[in-house]
Amino acid sequence: MPEPIKIRRALISVYDKTGIVDFARAVHEEFGIEIISTGGTAKTLTEAGIPVTLVEDITGFPELLGGRVKTLHPKIFAAILADRDNPEHMRQLKEQGIEPIDMVVVNLYPFEKTVADPNCKFEDALEMIDIGGVCLLRAAAKNQRHVLVVSEADEVFYEKMLAYIRDWDRSVPGDDLHRRTAWGAFWQVARYNAAIATWLSKDVAEYPAELRALHMRNWGELHYGENPHQQAELLELQGVPCSADLVYADALWESEREMSFNNYADANAALELCAELTQALAYEEPRASARADSRSALVSPLSMVFNEPDGNSPTWLLTWTTYGSWLPGDERGFVGRVPAESGKHVVHNLPGTSYDADRQELEDAARERMQGRPVKLDQQTADTALAACVEAARAHDISLLALSIMPDRVHLLCQGEQDGAKLMQLFKGISARRLSQAHALTDAPRWWTKSGSRRYIPKGADLQPAVRYVCDQHDALCVCSFETLSGSHARCVRSAARAEARGSPLAPAGCACCFIKHTNACGVGIADDPIEAYRRAYLGDPKAAMGGILALNFNVDAAFAEPVMDSLQRWGKEAGAGAFFVEVWLAPSFDEAAVKLIRTKKKWGERVRLLDVGNMTTPPDPNELEFKSIAGGMLAQTRDSVGLNEDQWKVVTERQATDQEMANLRLAWLIAKHTKSNAVSICKDGMLIGNGAGQMSRVMSCRIATWLAKDSRHEEKLHGAAAASDGFFPFRDGLDLLVDAGITAIIQPGGSKRDQKVIDACNERGVAMIFTGTRHFKH
């Protein structure tokens, strides 16, 4: 087994310089590694006081052709490609006076981001086709046994590489890590080349259709496909926007029963519906159980990481800004480091004041370094950043005390074993990655500025001033603290303006539970109490719930898991159910005590697949694609991301829907959206009571929905209930069938040439009807 690699020389040439200064300083100062660099990277490192050997000093050639040729030289590539175990290779290096290069740190020109700009010119795109970087990555990855390749512009990834280098003499031989990083480099190059080929194919006459490459990672074969005679495998799409990810969900099972093809299909349907309900609930975190023993009530994902301060732990107040924020001349100015005679720090460079020469140069230099427009967060990106910070805290055992996210900055007060620099890297790195996955960033090179403020607060110090400072930001998009998330009122506090503007369209509910069978909802419940939300979902159709997929939007603890395990005894038998078990159970997280109870209380608990899917509040990326196979190819479309767009809704009947009917209509509309067409969904009092799915005629979907409601003992609930149809009513027959059953409010897209006859029928029978103007077919 080969020895781990000692790194002596590293070539660093990066376009995205996020985190590169700290990484380069660490490898040079801690290990004495010689750094070879080029152009802009060399300038950045030199300005930071890090010694650099220029590539041209090694090759004897200057950069040529305006920078197109920098590293393409035998003295560079022989130093990377030489097999250290091959005596002839090493003899030739010595003969030519070439020293080996042991690490290559490269990231590529942002070609995809460049061509995504509609104003991009052909010549601009050509200049963004990286040549030297691709060659360096391929060379280092080919010689992976002797060269470490670092190809990700990510502070957290750099920290992982530093950890490996620091522990090189005690670590496992480099084969495993080097092979993983080499695979990553080749994968990036493959995607990069495919993006260029796709772009070029648009203007090639011989190819009337644009070429498009999809990259997928094969996670292995599944037990079988939809049926036992079909083969199946799990593939992960690479480089495609994705707001939720079942492939990477944390699986909490120890049995031999892996997820099946149907499990994944149904779990995906459950996750999508539950996530949409969660987003419609305006991220009002579920309150704890209203039972008398509320001390053991549910804990929300936020309140798992927002904790009371620990007087024996160090505290850090972290602040970082969005890219391009707080340049000299910004309206806030900046504070001088040296206090004036009065003892106060002087604020410099406020707009409207005169600049001295040094400050003007500082502003000019800062603006010259800008590689795009300043980044400003909106509510959606702030929500994503909040979820990412919570994710980072949970993953690294960090206790959050307070957090506020503004359009141009983040304040975070936390306690953890890590030092301030490490904490800053974790929060900025993970949040930047999640933001890039969920949102397009076309006008700036990165989300955050490279630096930030780290203030250490000694043990035992009064933390209230720091908490107030974080929470009292007037322009906050999101504010959370241990005080607002303590006890039985766990919730995410939003700005007053947003709360007034939107509120929760499904208020006052906060908890959502969904049962899915064959990708359709058979039970949905929303309520302010988690157990009540679950009871409503289960009793929607307790017969169909058996063997289904259960999805929740809150953390599962033992106090909640117990009634789920006892569903049949508590509610099912009285409702006519004969048995109960769950195939897959999804939630943002599961407490250890809950998992233990689930595994031991019932036999089926040993087999159920528990999936920790994390945060459900990130809205779908508008560019996210869905695929469906057809003979000889596939179809692709953007996701159906339209939800409760009530500004487009129109009451078309004489009678308006009551507030209670509106709440039922909203819930039914979202459920119908996630039900196979033709779909008719009936809701009452925060629960689905009948779902007519996948029928060839709409009237049959109406008939099935009402029949299921009666069969599940909801006949009384049908009176005053609301129904949603994913498509228009072509005739009044389906409407009459619903009204005969007791429905008093209906929501549908409209658009039929017989709309007026349907409206007249509603007026004739005193039914309120809303046209949404949006169809939600699902095939």
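The model shown is predicted, which means the values in this text are computed figures rather than measured ones.

Draft legend 1. Region of interest: the overall build of the protein. Along the protein, the regular secondary structure elements total 25 helices and 29 strands. Within the protein, the fraction of its 779 residues that count as buried is 53%. As displayed, the protein has an accessible area near 36,800 Å², and 50% of this comes from carbon and sulfur atoms.

Draft legend 2. A look at the pattern of salt bridges. Under the defined criterion, the tally for this structure stands at 28 salt bridges. Lys376 serves as the salt-bridge partner of Asp408, at 3.9 Å between the closest nitrogen and oxygen. Taken together, the residues span a long stretch of sequence, with Asp408 in the loop between strand E12 (399–405) and strand E13 (409–415) and Lys376 in the loop between helix H12 (357–368) and helix H13 (379–395) at a distance of 32 residues. Linking Arg765 and Asp740 is a salt bridge whose minimum nitrogen-to-oxygen distance equals 2.7 Å. With Arg765 in helix H25 (residues 755–765) and Asp740 in helix H24 (residues 733–741), this pair connects stretches of sequence that are 25 residues apart. Take Asp740: its relative accessible area is 55%, and that puts it in the exposed class.

Draft legend 3. Seen up close, the nonpolar core. Core analysis: the biggest nonpolar cluster contains 63 residues, and Phe515, Tyr534, Tyr538 and Trp585 have the highest contact counts within it. For this core, the element with the highest residue contribution is helix H17 (residues 530–540), accounting for six residues. Once residues lying within four places of it in the same chain are set aside, the contact partners of Tyr538 are Phe515, Ala545, Ser567, Leu568, Trp571, Gly572, Ala577 and Phe580. Of all hydrophobic cores here, the second largest spans 46 residues; its members include Ala269, Leu273, Cys274 and Ala724.

Draft legend 4. Representation of the pairing of strand E15 (residues 478–481). Because side chains alternate across E15, one face comprises the buried residues Cys478 and Cys480, and the other comprises Val479 and Ser481, equally buried. The pairing of E12 with E15 spans four bridges and is antiparallel. Bridge assignment links Ala402 to a residue of E15, and that residue is Ser481.

Draft legend 5. Fine view of the sheet that holds strand E1 (residues 9–14). Overall, parallel pairing links the five strands, which are arranged E3-E2-E1-E4-E5 in an open sheet. Unpaired on one side and paired on the other, strand E3 (53–54) and strand E5 (148–150) mark the two borders of the sheet. Sheet analysis places E1 next to strand E4 (residues 103–107), joined by five bridges and oriented parallel. Its bridge partner lying in E4, Val14 is registered against Asn107.

Draft legend 6. The arrangement of the packing of helix H11 (residues 261–280) against helix H22 (residues 659–673) in detail. Their axes nearest at 10 Å, the elements H11 and H22 cross at an angle of 150 degrees. The angle between the axes of H11 and H22 places the two elements in the roughly antiparallel class. Where H11 crosses over H22, the two elements pack in a sense that is right-handed. Along the contact surface, H11 presents Leu273, Glu276, Leu277 and Ala280, while H22 presents Leu667, Leu670, Ile671 and Lys673. Within the contact of H11 with H22, the residues separate by chemical class into six nonpolar, no polar and two charged.

Draft legend 7. Structural context of a nonpolar patch on the surface. On the surface, a nonpolar cluster with roughly 460 Å² of combined accessible area is contributed by Leu214, Met216, Leu235, Leu237, Phe627 and Met634. You can see Leu214 is positioned in the loop between helix H10 (175–201) and strand E6 (215–221).

Draft legend 8. Representation of the environment of Ala139 in the model. Of note, Ala139 is situated in helix H8 (residues 132–142). Between the alpha carbons of Ala139 and Ile80 there is a distance of 6.6 Å; along the sequence they are 59 residues apart.

Draft legend 9. Structural view of the side chain of Thr321. Among the secondary structure elements, Thr321 is positioned in strand E9 (residues 315–321). Taking the relative accessible area as the measure of exposure, Thr321 reaches 10% and is therefore buried. Here Thr449 takes part through its side chain, which lies 2.8 Å from a polar atom of the side chain of Thr321.

Draft legend 10. Looking closely at the packing of aromatic side chains. Taken as a whole and assessed by the stated rule, the structure comprises 16 aromatic pairs. When the ring of Phe515 is compared with that of Tyr538, the centres are 6.3 Å apart and the planes differ by 55 degrees; the resulting orientation is tilted. A residue pair is termed long-range when its members are at least 10 positions apart, and Phe515 in strand E17 (residues 511–517) and Tyr538 in helix H17 qualify at 23 residues. Residue class for Phe515 comes out buried when judged on its relative accessible area of 0%. Under the relative-accessibility criterion, Tyr538 is labelled buried at 0%. Seen in terms of ring centroids, Phe515 and Phe580 are 6.2 Å apart; in terms of plane orientation they differ by 80 degrees. Their pairing is edge-to-face. Residue Phe515 is located in strand E17, and its partner Phe580 is located in the loop between helix H20 (567–572) and strand E20 (582–587); the two are separated by 65 residues in the primary sequence. On the basis of relative accessibility, which here comes to 8%, the residue Phe580 falls in the buried class. In textbook terms, an aromatic cluster arises when at least three aromatic residues are bridged by ring pairs, as seen for Phe515, Tyr534, Tyr538, Phe554, Phe560, Trp571, Phe580 and Trp604. Looking at Arg775, its charged tip hangs above the ring of Phe777, at a distance of 3.9 Å from the centre.

Draft legend 11. Looking closely at the pairing of strand E26 (residues 687–692). The element E26 is extensively covered by neighbouring structure, given that six of its six residues are classed as buried. Alignment of strand E25 (residues 680–684) against E26, held across five bridges, turns out to be antiparallel. Within E26, the position partnered with Lys684 by the bridge is Met687. Counting the residues in the hairpin turn of E25 and E26 gives two residues, including Asp685, whose phi is positive at 55 degrees.

Draft legend 12. Up close: the packing of helix H4 (residues 74–81) against H8. Between H4 and H8, whose axes approach to 8 Å, the crossing angle comes to 30 degrees. Taken together, the axes of H4 and H8 are roughly parallel relative to one another. On the side of H4, the interface is formed by Ile76, Phe77, Ile80 and Leu81, while H8 contributes Cys135, Leu136, Ala139, Ala140 and Lys142. Tallied by class, residues from the contact of H4 with H8 come to eight nonpolar, no polar and one charged.

Draft legend 13. Quick peek at a negative patch on the surface. Taken together, the side chains of Asp117, Glu123, Asp124 and Asp443 present a region of like negative charge at the surface. Note on placement: Asp124 falls in helix H7 (residues 122–127).

Basis of the calculations
- Every chain begins its residue count from 1, and numbering advances along the sequence as written.
- In view of the model being predicted, local features appear only for residues whose pLDDT reaches at least 70, and side-chain atom pairs are presented and counted only at 80 or more, with totals across whole chains, interfaces and linings using the full set of residues.
- Computation of side-chain values covers all heavy atoms of the structure but excludes hydrogens and water.
- The way it works is that DSSP assigns letters per residue, a run of H or I at least four long becomes a helix, a run of E at least two long becomes a strand, and they are numbered from the N terminus.
- Working definition: with a 1.4 Å probe on protein chains only, accessible area under 20% of the residue-type maximum means buried, over 50% means exposed, and in between means partly exposed.
- We get accessible surface area from the Shrake-Rupley algorithm with a probe of 1.4 Å; when it comes to residues, only the shown protein chains can shield them.
- The working definition used for a salt bridge is a side-chain nitrogen of Lys or Arg within 4 Å of a carboxyl oxygen of Asp or Glu.
- Within this scheme, the nonpolar core is defined by two criteria: the residues are buried Ala, Val, Leu, Ile, Met, Phe, Trp, Tyr or Cys, and they are joined through side-chain atoms within 4.5 Å.
- Here a residue-residue contact requires only that any non-hydrogen atoms of the pair lie within 4.5 Å.
- Here, a strand pair is defined by DSSP locating no fewer than two bridges between the strands.
- Only the stretch in contact is used when a helix axis is fitted, and all axes are lines through C-alpha atoms; the angle between N-to-C directions ranges over 0 to 180 degrees.
- Roughly parallel covers angles under 35 degrees, roughly antiparallel covers those over 145, roughly perpendicular covers 65 to 115, and oblique covers all other angles.
- Crossing handedness: left-handed means the near helix sits turned counterclockwise from the far one by under a right angle, and right-handed means the same turn made clockwise.
- Any residue outside Ala, Val, Leu, Ile, Met, Phe, Trp, Tyr, Cys, Pro, Asp, Glu, Lys and Arg is labelled polar, Gly included; the first ten of those are nonpolar and the last four are charged.
- Note on patches: the residues involved have over 30% relative accessible area and no salt bridge, like charges join within 9 Å, and the nonpolar side chains Val, Leu, Ile, Met, Phe, Trp and Tyr join within 5 Å.
- Under this definition, polar contacts are N or O atom pairs within 3.5 Å; protein pairs additionally need one hydrogen-donor-capable and one acceptor-capable atom, and for neighbouring residues in sequence, both atoms have to be side-chain atoms.
- Side-chain rings of Phe, Tyr and Trp, where Trp is taken by its six-membered ring, are said to pair if the distance between their centres is within 6.5 Å; with planes under 30 degrees apart they count as stacked, over 60 as edge-to-face, and otherwise as tilted.
- In our convention, an over-ring charge means Lys NZ or Arg CZ found within 6 Å of a ring centre and within 35 degrees of that ring's normal.
- For the purpose of charge, His is not counted, nor are the chain termini; Lys and Arg are scored as positive and Asp and Glu as negative.
- Charge positions come from single atoms, namely NZ of Lys, CZ of Arg, CG of Asp or CD of Glu.

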